[in-house]
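Here's the letter readout for the chains.
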Amino acid sequence: MASERPRPTSIGPSSGGTVNGWLVAILLIAFVALYLKLSGFWPRALFDPGAAPRAITPRGDLAEDEKATIAIFKSDNGSVVHITTSALGEDFRMNPVEIPQGSGSGFVWDNQGYIVTNYHVVRSAIPDTGQGRGGIIHVALPNSATSYQAEFVGASSSTDLAVLKINAPAGDLKPIPLGRSDDLQIGQKVFAIGSPFSLNQSFTAGIISGLGREIGAENGQTIKDVIQVSAPINPGNSGGPLLDSAGRLIGVTTAIVSPTGAFSGIGFAIPVDTVNSVVPRLIQSGSAEPPSLGLSLFQDDVTSALRERGYLKQAGALVARVWPGGGAAAAGIVPTRQMQSGNLALGDLIVAIDGMPVSEPKTIADVLSKKKSGDTVVLTVIRGEDRKEVPVTLRPRPVTD
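Note that the coordinates shown come from a computational prediction; the quantities given were computed from them, not determined experimentally.

## What about the overall build of the chain?
- Scanning the chain from terminus to terminus reveals seven helices and 22 strands.
- Counting all 401 residues of the chain, 38% fall into the buried class.
- Of the roughly 23000 Å² that the chain leaves accessible, carbon and sulfur atoms contribute 55%.

## With respect to the pattern of salt bridges
- Taken as a whole, this structure holds nine salt bridges when the rule is applied.
- Here Glu64 and Lys67 are joined by a salt bridge, their closest N and O atoms 3.5 Å apart. Here the residue Glu64 and the residue Lys67 both occupy positions in helix H2 (residues 64-76), the gap between them amounting to three residues, near one helical turn.
- The exposure class assigned to Lys67 is partly exposed, which follows from its relative accessible area of 30%.
- A salt bridge links Lys362 to Asp366, with the nearest nitrogen and oxygen atoms 3.1 Å apart. Here the residue Lys362 and the residue Asp366 both occupy positions in helix H7 (residues 361-368), the gap between them amounting to four residues, near one helical turn.
- Classification of Asp366 as partly exposed rests on a relative accessible area of 36%.

## A few points about the pairing of strand E18 (residues 349-353)
- Within E18, five of the five residues are buried, leaving the element largely enclosed by the surrounding structure.
- As paired elements, strand E15 (residues 317-322) and E18 share two bridges and run antiparallel to each other. Considered in E18, the bridge of Ala317 is made with Ile350.
- Note that E18 and strand E20 (residues 376-383) share four bridges and pair antiparallel. Looking at the pairing, Ile353 lines up with Leu379 of E20.
- Relative to strand E19 (residues 356-357), E18 is paired through two bridges, and the arrangement is antiparallel. What sits directly across from Ala352, in E19, is Pro357.
- A loop of two residues connects E18 with E19, the two strands running antiparallel in sequence, and Asp354 in this loop sits at a positive phi of about 50°.

## Side note on the pairing of strand E3 (residues 114-118)
- Counting buried positions along E3 gives five out of five residues, so the element sits mostly inside the fold.
- Here E3 runs beside strand E6 (residues 161-165); their pairing, made up of five bridges, is antiparallel. Pairing of Ile115 across the sheet is with Leu164, part of E6.

## Comments concerning the confidence of the model for the chain
- Per-residue confidence for the chain gives a mean pLDDT of 84; residues scoring 70 or more make up 82%.
- Predicted confidence is poor over residues 9-14, with pLDDT under 50, and the contacts of this stretch with residues over four places away or in other chains come to two contacts.

## Some words on the environment of Asp375
- Relative to the elements of secondary structure, Asp375 occurs in the loop between H7 and E20.
- What makes Asp375 partly exposed here is its relative accessible area of 22%.
- Residues Asp375 and Pro291 lie 84 residues apart in sequence; the distance between their C-alpha atoms is 8.6 Å.
- Every residue in contact with Asp375, bar those within four places of it in the chain, is listed here: Val392, Thr393 and Leu394.

## Some points on the side chain of Thr303
- Its place among the elements puts Thr303 in helix H5 (residues 300-308).
- Accessibility expressed as a relative area gives 3% for Thr303, which makes it buried.
- In this structure, Thr303 is in contact with Phe298, Leu312, Gly316 and Leu318, ignoring residues within four places of it in sequence.

## What to know about the packing of aromatic side chains
- Applying the stated criterion across every chain, the model contains two aromatic pairs.
- When the centroid spacing of 5.2 Å and the interplanar angle of 50° are considered together, the rings of Phe73 and Phe203 count as tilted. Residue Phe73 is located in helix H2, and its partner Phe203 is located in strand E8 (residues 202-216); the two are separated by 130 residues in the primary sequence.
- Overall, the relative accessible area of 23% leaves Phe73 in the partly exposed class.
- Phe203 gets classed as partly exposed once you look at its relative accessible area, which sits at 27%.
- Members of the aromatic cluster, joined through ring pairs, are Phe73, Phe191 and Phe203.
- Across from the ring centre of Tyr114, 5.2 Å away, lies the NZ or CZ of Lys165, which sits over that ring.

## Side note on the side chain of Ser238
- Topologically, Ser238 is positioned in the loop between strand E9 (222-229) and strand E10 (241-243).
- On the basis of relative accessibility, which here comes to 14%, the residue Ser238 falls in the buried class.
- Reaching out from Ser238, the side chain makes a polar contact with the side chain of His120 at a distance of 3.2 Å.
- Excluding residues within four positions of it along the chain, Ser238 makes contact with Gly104, Ser105, Thr117, Asn118, His120, Val121, Thr253 and Thr254.

Cut-offs used in this document
- Residues numbered from 1 in each chain as written.
- Predicted model: local features only at pLDDT ≥ 70, side-chain atom pairs only at ≥ 80, totals over all residues.
- Heavy atoms only, no water.
- Helix = DSSP H or I, 4+ residues; strand = E, 2+ residues; numbered from the N terminus.
- Buried < 20%, exposed > 50% of the residue type's maximum accessible area, 1.4 Å probe, protein only.
- Areas by Shrake-Rupley, 256 points an atom, 1.4 Å probe, with all protein chains shown as cover.
- Salt bridge = Lys/Arg side-chain N within 4 Å of Asp/Glu carboxyl O.
- Pairing = 2+ DSSP bridges.
- pLDDT = per-residue confidence, 0-100.
- Contact = heavy atoms within 4.5 Å.
- Phe/Tyr/Trp six-rings, centres within 6.5 Å; stacked < 30°, edge-to-face > 60°.
- Lys NZ or Arg CZ within 6 Å of the ring centre and 35° of its normal.
- Polar contact = N/O pair within 3.5 Å; in protein donor to acceptor, adjacent residues only side chain to side chain.

Shown next as structure tokens:
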């Protein structure tokens with residue numbers, strides 16, 4: 001009997017069990033894919049080759065108040081300048097260099113090149129102001145690529161105003177239109193253009209939130225009738241224009257109230273009525289300060305007490321202090337001073353000015369109100385036992401006094 005040959009063992013996928021396993025796997029994958037797609041978890045395509053820009057929705061016309069605001073900026077932007085100051089120094093090779101000091105804003109006053117700004121913006125660059133040996137002031141016009149080196153014309157520390165002059169073509173100069181500040185009302189809209197944080201031609205809006213405010217001036221005096229505004233004002237806005245809704249200058253932005261140095265909702269501007277009074281005087285003579293003898297006088301009650309005690313033998317105005325660099329100092333007027341013993345040595349007693357008897361300081365003030373800087377008055381003074389006639393040339397009160 002012939003032996004039976006063994007059959008080969010199948011090791012391929014042709015077995016029935018293996019086929020059934022693959023079928024189950026395919027069905028399971030299909031089921032999972034269907035579930036993911038229906039439940040929203042199926043990954044979507046990231047790119048669409050047919051993507052195109054969307055259609056623009058028509059805006060329609062601008063609102064009337066927007067048009068008015070835009071018109072104000074377009075009208076007055078060309079009048080606002082950016083001011084930078086530099087100190088004079090030396091590099092490591094001892095070559096002269098400019099060292100940036102600060103920046104601010106200003107505006108064109110007329111087509112002769114006069115520029116108005118705040119005194120504190122340019123103070124550090126003015127020679128002989130106690131801030132150093134002076135420096136350089138640059139003025140950049142908005143529509144010109146040229147930065148002009150400005151000349152310092154004059155300043156009023158009591159109003160924080162200063163005037164500069166640049167040698168620019170008249171065609172590049174656009175004087176700002178002037179308004180009034182005596183008829184302003186709380187609640188009316190205001191606008192400011194300037195260079196906060198050196199961002200030129202920045203435009204902000206707000207309202208008048210207060211009138212008749214008072215702020216401190218650079219010389220320790222008080223600036224009165226200041227305008228309080230809600231328009232954002234930041235470092236660099238100083239010296240720029242505050243405008244009304246007609247685009248007219250109504251103030252010069254000058255200060256903020258802020259514990260951080262940035263705008264906190266309260267800003268101040270010097271009223272244009274003050275500006276329009278001070279600036280012409282600065283252009284005329286370099287000073288808006290009234291003509292002065294260059295001295296201070298004791299009050300009436302002091303001189304009266306001295307007369308009652310026999311220290312003074314007649315009525316007059318007693319000199320308390322003589323200002324350095326003033327007319328009285330140049331003329332040799334003697335102030336009251338304290339001796340080493342502690343006793344007072346009385347100064348000159350002014351008994352007449354230009355022949356008019358002086359019984360109180362007000363008489364001198366009345367005479368000076370009719371004079372101008374450069375005029376000379378004759379003081380009749382009692383100095384000890386002597387009576388003297390002393391000519392004194394009037395000079396403006398020093399900016400830094």
